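Survey of secondary and tertiary structure
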Amino acid sequence: MTADLRAAFPDRASARSSPGPSRAERPRRRGRFGVPLFLSAVSLAFLAPLLLAVYASLRPYEETAEHGYFSWPEHLSFDYYRQAYTESGMGKYFTNTLLIAVPAVLLTLFLASFVAFAVSRVRIRGGMLLLMLFTAGNLLPPQVLVTPLYALFLKIPLPWWMSDSLTLYDSFWALILVNVGFQIGFCVFVLSNFMRTLPKEILEAAIVDGAGVWAQFWRITLPLCRPALAALATLEFTWIYNDFLWALIFISNPDKLPITSSLNNLRGQFFTDYNLLAAGSVLVALPTVLVFLLLQRHFIAGLTLGSSKG
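A brief look at the structure comes next. Computed from a prediction, not measured in an experiment: that's the story for all the values here.

1. So, the packing of helix α5 (residues 79–88) against helix α14 (residues 274–294)
Orientation of α5 relative to α14, taken along the N-to-C sense of each, is 75°, at an axis distance of 8 Å. If you check the angle between α5 and α14, you find them roughly perpendicular. Across from Tyr80, Tyr81, Gln83, Ala84, Tyr85 and Glu87 in α5, the residues of α14 making contact are Asn275, Leu276, Ala279, Gly280, Val282 and Leu283. Here the contact of α5 with α14 is composed, by residue class, of eight nonpolar, three polar and one charged.

2. Regarding the pattern of salt bridges
Counted under the stated rule, the structure contains three salt bridges. Residues Arg59 and Glu63 are paired through a salt bridge, measuring 2.8 Å at the closest nitrogen-oxygen approach. When its relative accessible area of 1% is taken as the criterion, Arg59 is described as buried. For the salt bridge of Lys256 with Asp164, the shortest nitrogen-to-oxygen distance reads 3.6 Å.

3. A short note on empty space enclosed by the protein
Going through the model one piece at a time under the given rule, you end up with two cavities of 30 Å³ or more. Of the voids in this model, the largest cavity is the one considered here, and its volume is about 60 Å³. Taken together, Thr97, Ile100, Ala101, Leu175, Asn179, Ile240, Asp243, Ala247 and Pro258 make up the full set of residues lining the largest cavity. Elements with a contribution of two residues or more to the lining of the largest cavity: α6 (90–120) and α9 (172–196). Residues that form the lining of the largest cavity fall into these classes: six nonpolar, two polar and one charged. By volume, the second largest cavity is sized at about 30 Å³. Around the second largest cavity, the lining residues are Arg121, Leu198, Pro199, Ile202, Leu203, Ile220, Thr221 and Leu224. Contributions of two or more residues to the lining of the second largest cavity are made by α10 (200–208) and α11 (213–224). For the lining of the second largest cavity, a count of residues per class yields six nonpolar, one polar and one charged.

The rules behind these values
Residues numbered from 1 in each chain as written. Predicted model: local features only at pLDDT ≥ 70, side-chain atom pairs only at ≥ 80, totals over all residues. Heavy atoms only, no water. Axes fitted to C-alpha atoms, helices over the stretch in contact; angles between N-to-C directions. Helix = DSSP H or I, 4+ residues; strand = E, 2+ residues; numbered from the N terminus. Parallel < 35°, antiparallel > 145°, perpendicular 65-115°, else oblique. Contact = heavy atoms within 4.5 Å. Nonpolar A, V, L, I, M, F, W, Y, C, P; charged D, E, K, R; others polar. Salt bridge = Lys/Arg side-chain N within 4 Å of Asp/Glu carboxyl O. Buried < 20%, exposed > 50% of the residue type's maximum accessible area, 1.4 Å probe, protein only. 1 Å grid on protein atoms, 1.4 Å probe; cavity = no way out; pocket = protein on both sides within 12 Å on 5 of 7 lines; lining within 4 Å. Points joined across faces, edges and corners; volume = space filled by probe spheres on them.

Next up, the structure:
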């Protein structure tokens, strides 16, 4: 009788006879839920200031002053965004920032790719020492070089069509050069390490076909470095875009200041509307978010390079 029942219901019999989950499998199941919850909590902690700024920028200052920033809203509008854009003159400052950030990013990646290729793919003497020098440049705090650079830029002449002051000081070129000088070391370090992971057989085949050094760099190596270049372009644009120190030191003409200085125009002498300031901060942050969204696929690919290697 028992044998007939087992033959008639084989699934139930196997379910009863099969052992339960082992002790090693239980922590794995808990980890499936624990890690996403932890990452979600960390993400919310980083997004909380931005979300609070967006929430405050949509409410009148009188309402938040009476009920607090964490109260339920009664009126929501985009008036502060229009007011912040017009009162601070952000259009002019956005243009100034693009004139500084875009050439600085392109020039940094262009020069860093040359140095990284020479260090990692071309056999030159002192290549490792050269890489160490470029990397060591990032260890110097910027405040140490403020006074020497200030005195140097005052003595470097420029033609009238490049600078109104006829010197490197108080010109966009000063900010471009100083950003390139401080960011090129990090880019050389990242690109040289990435180029070392490229298969040597590709360049060897190109050399057999008669490709010179320029063809190896421009036609073969540089296209393969597209994910790394996109990731670096996103980071470099964000860093240079958010820079405030160098502009404060090397720019004296208010009409040449970058976007980070426009927020100071929203602060009053005796009173500051922090809801208006929050709206201006959100507007200033929008271009960096847009750049990340445009380069998101390449940026993530650059961050995950080498993760699948054994």
